[in-house]
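Summary of the model geometry
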Amino acid sequence: MAAAPESPAVKTYNAGAEHFKQKELDQAIECFKKAAEIDPNLYRAWAYLGMAYAQQGQLDPAIEAYRKCIDIAPQYHKAFNNVGELYRRKGLLDYAAMVFKMATEIEPSVSHYFYNLGITYFEIGMYAQAEDAFTRAVALDPGDYEFATELAQVQFTQKNYEAALATLSRFHDAHPQHPRAAETGARVLQLRRRLDQLKEAAPASNLHKSEIRRSVPDEEDENAKTKKVAPLPPQGPAAPGS
């Protein structure tokens, strides 16, 4: 039985996807815009349009395209995650946290969504919420180095030194063959020594916050960048006719 012919919208969308793969973003954008004009309910066209705009650094058009995608497919969690990343790039952290949280509610099995939410809460200064988000990320993916170290980071920032030490020690003990096992082990020793010093010195409550931040055994960039799950091709209903 012969396959059903592609609709004009899907044919144009597929052409745009090929341009996108070849990094021909201007041509891809034109195809996705045309496909969405032919069939405004073709959510993948809006999603790809948002991605293409984002890769060109056109953040506002990218956000608008993703919003239209979400209007059509409100359960498409990857669009929420990508909008959150765009808001972060614009410095709109409250909006970023809001949509990252929506992504975790729609699809609570994706660890990166909780990590992205945790990073954003951390930047806002909502440390308890950041710890909750990182804890969920670690529970979903215990072997991710950045998840574990960011959880320890926010625990230390809240002066919960024992919890930070336990988090790093647990990761180090569970993953002795991890490529960064030696680094993690060194951080555990450094944190243990620092914890001993804090216990011997004045109460932790008297320490200046900046001293706590400097003492955290972390990399130069304390706030790791959010990880974006590749949003395309989407997991979910196929495009009409595809």
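For the structure, check the block above.
Quick look at the structure, then.

Here is what the cut-offs are and how they apply
Here the residue numbering is sequential within each chain, running from 1 through the sequence in written order. The model is predicted, so local features are restricted to residues of pLDDT at least 70 and side-chain atom pairs to those at 80 or more, both for listing and for counting; the totals for chains, interfaces and linings are taken over all residues. Computation of side-chain values: all heavy atoms of the structure, hydrogens and water removed. Whenever Lys or Arg places a side-chain nitrogen within 4 Å of a carboxyl oxygen from Asp or Glu, that contact is recorded as a salt bridge. In this text, helices come from DSSP runs of H or I with a minimum length of four residues, and strands from runs of E with a minimum of two, each type numbered from the N-terminal end. Each residue is placed in one exposure class: buried if its accessible area under a 1.4 Å probe, protein chains only, is under 20% of its type's maximum, exposed if it is over 50%, and partly exposed if it falls in between. A helix is expected to reach a length of 1.5 Å times the quantity of its residues less one. Summarising the geometry, the arc corresponds to the directions from the helix axis toward the C-beta atoms. Residue contacts are counted whenever heavy atoms from the two residues lie within 4.5 Å of one another.

In total, this model carries nine salt bridges according to the counting rule given. Arg88 serves as the salt-bridge partner of Glu123, at 2.6 Å between the closest nitrogen and oxygen. In this pair, Glu123 sits in helix H7 (residues 111-124) while Arg88 sits in helix H5 (residues 77-90), placing the two residues 35 residues apart along the sequence. Assessed through its relative accessible area of 29%, Glu123 is described here as partly exposed. Taking relative accessible area as the criterion, Arg88 reaches 13% and is therefore assigned buried. Of the charged contacts in the structure, one is a salt bridge between Glu183 and Arg180, with a shortest N-O distance of 3.1 Å. Take Arg180: its relative accessible area is 26%, and that puts it in the partly exposed class. Several salt bridges share partner residues, and in doing so they unite Glu85, Arg88 and Glu123 into one network.

What follows deals with helix H4 (residues 59-72). Taking 1.5 Å per residue as the helical rise, H4 with its 14 residues ought to reach 20 Å, and the 20 Å between its terminal C-alpha atoms agrees with that figure. Turning to H4, its buried residues are Leu59, Ala62, Ile63, Ala65, Tyr66, Cys69 and Ile70. Each buried residue of H4 sits inside an arc of 165° when the element is viewed along its axis, so together they form one side. Lining the buried residues of H4 we find helix H3 (43-55) and H5.

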